[in-house]
Number of protein chains: 2
Amino acid sequence: MTVQDIRSFNRFYTNVIGALDYGRHLYAPYTLTESRVLYELAHAPRTDAADLRTQLHLDAGYLSRILNKFEEDGLVERGPSKTDPRRRRISLTERGREAAALLDERARETVGAMLDTVRAEDRPRLAEALRTVRTLLGEGRAPRPEDVVLRDPVPGDLGWIVQRNAALYAAEYGFNLEYEGLVARIVAEYAEDHDPHLERTWIAELDGRPVGCVMVVRDDVPGAARLRLLLVEPDARGLGIGDRLVGAVVAFAREAGYREVVLWTNDILAAARRIYQRHGFVLVGEKPHRSFGQDLVGQDWRLDLLATPE
Amino acid sequence: MTVQDIRSFNRFYTNVIGALDYGRHLYAPYTLTESRVLYELAHAPRTDAADLRTQLHLDAGYLSRILNKFEEDGLVERGPSKTDPRRRRISLTERGREAAALLDERARETVGAMLDTVRAEDRPRLAEALRTVRTLLGEGRAPRPEDVVLRDPVPGDLGWIVQRNAALYAAEYGFNLEYEGLVARIVAEYAEDHDPHLERTWIAELDGRPVGCVMVVRDDVPGAARLRLLLVEPDARGLGIGDRLVGAVVAFAREAGYREVVLWTNDILAAARRIYQRHGFVLVGEKPHRSFGQDLVGQDWRLDLLATPE
DNA sequence: CCCGATGTTTGACTCAGTCAGAGATTCCCG
DNA sequence: CGGGAATCTCTGACTGAGTCAAACATCGGG
């Protein structure tokens, strides 16, 4: 049950943060809240008091007093805001910047000490996990199409294609090991021998994580390119990734001088079908078969590149 | 830079926790600290005050007063500890259990509401990421050998084998795409057709994450089993996983009636070689070759099952 | 048996954070 | 354009979470 997971993580992480400040020397001579204000000011040097209040969720009176203290200590200067005379423009003085830098340095050291307890080979996994938590929990500005990049595969990506194809179709449609074997064979043949001018694979990457793929290879029929292994992760669907992948294949096939693009798929894959249709593919044949432990209806689709100029 | 990542994650997660308690109704009529004490008591019904102090890092005087209040409200009873009369044994009353349950319910609801903002298909990734952060950060009781289980592959695991083999050997030894193709072909052949009595694959799993694998298949030589694709993730090495995987292969081969186990490896893989030697394999031949973009020395190893009875 | 360490309690205190009200100004609506 | 509601900032008055020190009891090791 995930609610339990989160709650126990909350308890855990509260301890982590508490342990960082063990002995309360971290923020001295300021309080945690004062430090947060200082941090905010240092990273957005010209802010109004109202901005601080909303960003740090502070009580107006409390903040006012904190700024009083900072002003007495010569850390900030208060001036009128240009846009609205009710507001006060707060800016750090040189001393204020120094104080912020000192706190920053202390925090960096403390966190660094904690990070030293993590084995170097584990750190990338940690960074990845932190990013995942952040993007999924609220900070999740929903990913936008322009965050997705198409790139060539690097070592391991072909394995990723096998893994995700097998795991996803097993979960969604109950495909068995036979399917994983088929995908593995396709990528094996591609890896062992392919002509980069005529055959290619793309990985769609979102925030550094692969979320989609497609492959195009020469078909047995001369002049025909075959599109294979189109896949988009469920949590990355709706961003037009499938469209871009198929678009890349079609453009590449045209460029490489193919006369047509063909592909084989199954009727249960409705979302993929719509993508193919949008790119001008037409259904040229259907045939039931039993594969991957399921009764399926295979479909052959075809895009005539000569009939549909760019 | 990872220190920055952690610090910004800390700020982020402090906000997350703060947002959960927005309006401060979460713990009413208790304070956060009181709630934590109550929670601790509810989950370890008979604890001494000293245990609470160390576990929650509380000031002794503060805790004493909190317990006073709880006792006045009839939530706890204080008695002498059996083992040490200086200590006080704290136990929840029925009312105390009810109060704890109420707080628990509220927390569950609040966290549940937050979780609802996460798309269902993203939740497994979130849970996985939280677990990773926890195990890597301090809660990292170093993994012990008994945390590792060997299991059969599930859909996606063969792809994982391809992915990790390719990525690791590319990073450590500069192997190129050719190697990924070789691994993909091996798993493809295995997936397409294998006799479960004579051929098998194991995945080593640590805390629900695959960290190692090995495969055994029939060799061309009659009566010989071939060990392939032995791999252990770098961050899981030193737990004897490689040993257990090879041990599983040897035991299986013996059981299945093979007369010998053979394998092919390369001289640069020193750690693997030691494992093979420990299990009685002997080097029967060496031959330089150029593969995977590197100059290598291939080695054939052999374990005679008849000469080395169980 | 003595001495330092540990466990608990109470008194006295600090200071982070809240609440309400006042004065200045802007924004919105008729 | 005028007036009322809302916004921004500040101060006074307060609450209450958490700390520190002292006192007393008991344990454990030499």
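Quick caveat: nothing in here was measured; it's all calculated off a predicted structure.

S.K.: Looking at this model, I keep getting lost on the protein's contact with DNA strand C. Mind explaining?
M.R.: With respect to spatial proximity, 20 residues lie near DNA strand C, and among them Thr33(A), Tyr62(A), Arg65(B), Arg86(B) and Arg88(B) are the closest. When the atoms of DNA strand C within 4 Å of the protein are sorted by group, sugar and phosphate make up 66%. Here a phosphate oxygen of DNA strand C sits 3.0 Å away from a polar atom, N or O, in the side chain of Arg78(B). Those elements that provide at least two residues to the surface near DNA strand C are helix H4 (60-72) of chain A together with helix H3 (49-56) and helix H4 (60-72) of chain B. Counted by class, the surface near DNA strand C contains 5 nonpolar, 5 polar and 10 charged residues.

S.K.: It is not clear to me how the domain arrangement of chain A should be interpreted in this structure. Could you clarify?
M.R.: Accessible area lost during the coming together of the parts is what is often quoted as the interface size. Domain annotation for chain A reports domain 1 (2-117) and domain 2 (145-304). The C-alpha centroid of domain 2 of chain A is placed 50 Å from the C-alpha centroid of domain 1 of chain A.

S.K.: I'm lost on the sheet that holds strand E8 (residues 260-266) of chain A in this one. Help?
M.R.: One key point about sheets: their strands pair by backbone hydrogen bonds, in either a parallel or an antiparallel sense. All names here are of chain A. Strand order in the open sheet formed by 7 strands is E4-E5-E6-E7-E8-E10-E9, with mixed pairing between adjacent strands. In this open sheet, the two strands that pair with only one neighbour each are strand E4 (148-151) and strand E9 (282-291). On average, each strand axis in the sheet is inclined to that of its neighbour by 20°, with strand direction left out of account. Examined bridge by bridge, E4 and strand E5 (residues 200-206) share 4 bridges and lie antiparallel to one another. Counted as the bridge partner of Leu150 is Ala204 from E5.

S.K.: It is not clear to me how the protein's contact with DNA strand D should be interpreted in this structure. Could you clarify?
M.R.: Inspection of the region around DNA strand D gives 20 residues, with Arg65(A), Arg86(A), Thr33(B), Tyr62(B) and Pro85(B) positioned closest. Between DNA strand D and Ser64(A), the relevant distance is 3.4 Å, taken from a phosphate oxygen to a side-chain nitrogen or oxygen of the residue. Mapped onto the surface near DNA strand D, the elements with two or more residues apiece are helix H3 (49-56) and H4 of chain A together with H4 of chain B. Element by element, the count of residues in the surface near DNA strand D is highest for H4(A), at 5 residues.

S.K.: Would you take a moment to explain the relation of the copies chain A and chain B for this structure?
M.R.: Copy one and copy two of the chain differ by a rotation about a common axis and a shift along it. Least-squares fitting of chain A to chain B yields an RMSD of 0.5 Å, with the transformation described by 0.2 Å of translation along the axis and a rotation of 180°. Here the two chains are linked by the operation of a two-fold rotation axis. Counting the interface residues of chain A, we find that 97% of their copies in chain B are interface residues as well, pointing to one common contact surface.

S.K.: Got a minute to help me understand the layout of surface pockets in this structure?
M.R.: The gaps left among the atoms become clear once a water-sized probe is rolled over them. Here the second largest pocket is characterised by a volume of approximately 1800 Å³. Lining the second largest pocket are 46 residues, and of these Glu128(A), Gln163(A), Glu128(B), Trp160(B) and Gln163(B) lie nearest its centre. Sorting the residues of the lining of the second largest pocket by element identifies helix H6 (123-136), helix H7 (157-173) and strand E6 (209-218) of chain A together with helix H6 (123-136), helix H7 (157-173) and strand E6 (209-218) of chain B as the ones contributing at least two each. Examining the composition of the lining of the second largest pocket, we find that 7 residues originate from one element, H7(A), more than from any other.

S.K.: I'm lost on the environment of Ile203(B) in this one. Help?
M.R.: Residues and elements named next belong to chain B. Position of Ile203 among the secondary structure elements: in strand E5 (residues 200-206). For Ile203, a relative accessible area of 0% corresponds to the buried category. As for Ile203 and Met215, which are separated by 12 residues in sequence, their C-alpha atoms are 9.0 Å apart. What Ile203 contacts, discounting residues up to four positions off in sequence, is Val149, Leu150, Arg151, Pro153, Asp157, Trp160, Ile161, Pro210, Gly212 and Cys213.

S.K.: I'm lost on the pattern of salt bridges in this one. Help?
M.R.: Opposite charge on two side chains permits them to pair, given that their charged atoms come into close proximity. Taken as a whole and judged by the stated rule, the model has 54 salt bridges over all chains. With its nearest N and O atoms 2.6 Å apart, the salt bridge here joins Glu205(A) to Arg151(A). With Glu205(A) in strand E5 and Arg151(A) in strand E4, this pair connects stretches of sequence that are 54 residues apart. Residue Glu205(A) shares its accessibility class with Arg151(A), and that shared class is buried. For the salt bridge of Asp122(B) with Arg119(B), the shortest nitrogen-to-oxygen distance reads 3.3 Å.

S.K.: Just checking my understanding: could you explain unusual backbone geometry for this structure?
M.R.: One can expect most non-glycine residues to show negative phi and most peptide bonds to be in trans. Of note in the backbone geometry, Leu229(A) takes a positive phi value of approximately 55° without being a glycine. Topologically, Leu229(A) is positioned in strand E7 (residues 224-232).

S.K.: Just to check I follow, could you spell out the environment of Val217(B) for this structure?
M.R.: Residue and element names in this part refer to chain B. Along the chain, the position of Val217 falls in strand E6. By relative accessible area, which is 11% here, Val217 ends up buried. Along the backbone, Val217 and Leu198 are 19 residues apart, and their C-alpha atoms lie at a distance of 6.8 Å. Aside from chain neighbours lying at most four places away, what touches Val217 is Tyr190, Glu199, Ala224, Ala225, Arg226, Arg228 and Tyr258.

S.K.: I tried to follow helix H1 (residues 2-20) of chain A on my own but got confused; where do I start?
M.R.: An α-helical turn contains 3.6 residues, so a residue and the one three or four places further along point in the same direction. With 19 residues, H1(A) extends 27 Å from end C-alpha to end C-alpha; this agrees with the ideal 27 Å at 1.5 Å per step. Within the span of H1(A), buried status applies to Thr2(A), Val3(A), Ile6(A), Arg7(A), Ser8(A), Phe9(A), Asn10(A), Phe12(A), Tyr13(A), Val16(A) and Leu20(A). Contact partners of the buried residues in H1(A): helix H5 (94-116) of chain A together with helix H1 (2-20), helix H2 (32-43), helix H5 (94-116) and H6 of chain B.

S.K.: I would appreciate a short explanation of the interface of chain A and chain B in the present structure.
M.R.: Across the boundary between the two partners, chain A contributes 67 residues, which contact 65 residues of chain B. On inspection of chain A and its partner chain B, the count reaches 6 salt bridges. Counting across the chain A and chain B interface gives 20 residue pairs in polar contact (both at pLDDT 80 or more). Looking at the side of chain A that touches chain B, the elements with two or more residues in it are H1, helix H2 (32-43), H5, H6, H7 and helix H8 (177-192) of chain A. Among the elements that take part in the side of chain A that touches chain B, H1(A) stands out by supplying 16 residues, more than any other. When the residues that make up the side of chain A that touches chain B are grouped by side-chain class, the tally is 35 nonpolar, 13 polar and 19 charged.

S.K.: It is not clear to me how the packing of H2(B) against H4(B) should be interpreted in this structure. Could you clarify?
M.R.: Relative orientation and spacing of two packed helices are given, respectively, by the angle between their axes and the distance between those axes. Residues and elements named next belong to chain B. Across the interface, H2 lies against H4 with an axial gap of 11 Å and an inter-helix angle of 75°. In terms of their interaxial angle, H2 and H4 are classed as roughly perpendicular. Of H4, the residues touching H2 (which contributes Thr33, Glu34, Val37 and Leu38) are Tyr62, Leu63, Ile66, Leu67, Lys69 and Phe70. Residue classes in the contact of H2 with H4 are distributed as 7 nonpolar, 1 polar and 2 charged.

S.K.: Could you clarify how one ought to interpret the sheet that holds strand E3 (residues 88-92) of chain A in this entry?
M.R.: Residue and element names in this part refer to chain A. The sheet built from 3 strands is open, its strands ordered E1-E3-E2 with antiparallel pairing. Because the sheet does not close on itself, it has two edges, and the strands there are strand E1 (46-48) and strand E2 (76-80). Averaged over all pairs of adjacent strands, the angle between their axes in this sheet comes to 30°, without regard to strand direction. As paired elements, E1 and E3 share 3 bridges and run antiparallel to each other.

About the thresholds
- Residues numbered from 1 in each chain as written.
- Chains lettered and ligands numbered in written order.
- Predicted model: local features only at pLDDT ≥ 70, side-chain atom pairs only at ≥ 80, totals over all residues.
- Heavy atoms only, no water.
- Near = heavy atom within 4 Å.
- Polar contact = N/O pair within 3.5 Å; in protein donor to acceptor, adjacent residues only side chain to side chain.
- Helix = DSSP H or I, 4+ residues; strand = E, 2+ residues; numbered from the N terminus.
- Nonpolar A, V, L, I, M, F, W, Y, C, P; charged D, E, K, R; others polar.
- Domains from an automatic or database assignment.
- Pairing = 2+ DSSP bridges.
- Axes fitted to C-alpha atoms, helices over the stretch in contact; angles between N-to-C directions.
- Least-squares fit on C-alpha atoms with pLDDT ≥ 70 in both.
- Contact = heavy atoms within 4.5 Å.
- 1 Å grid on protein atoms, 1.4 Å probe; cavity = no way out; pocket = protein on both sides within 12 Å on 5 of 7 lines; lining within 4 Å.
- Points joined across faces, edges and corners; volume = space filled by probe spheres on them.
- Buried < 20%, exposed > 50% of the residue type's maximum accessible area, 1.4 Å probe, protein only.
- Salt bridge = Lys/Arg side-chain N within 4 Å of Asp/Glu carboxyl O.
- Expected span 1.5 Å × (residues − 1).
- Parallel < 35°, antiparallel > 145°, perpendicular 65-115°, else oblique.

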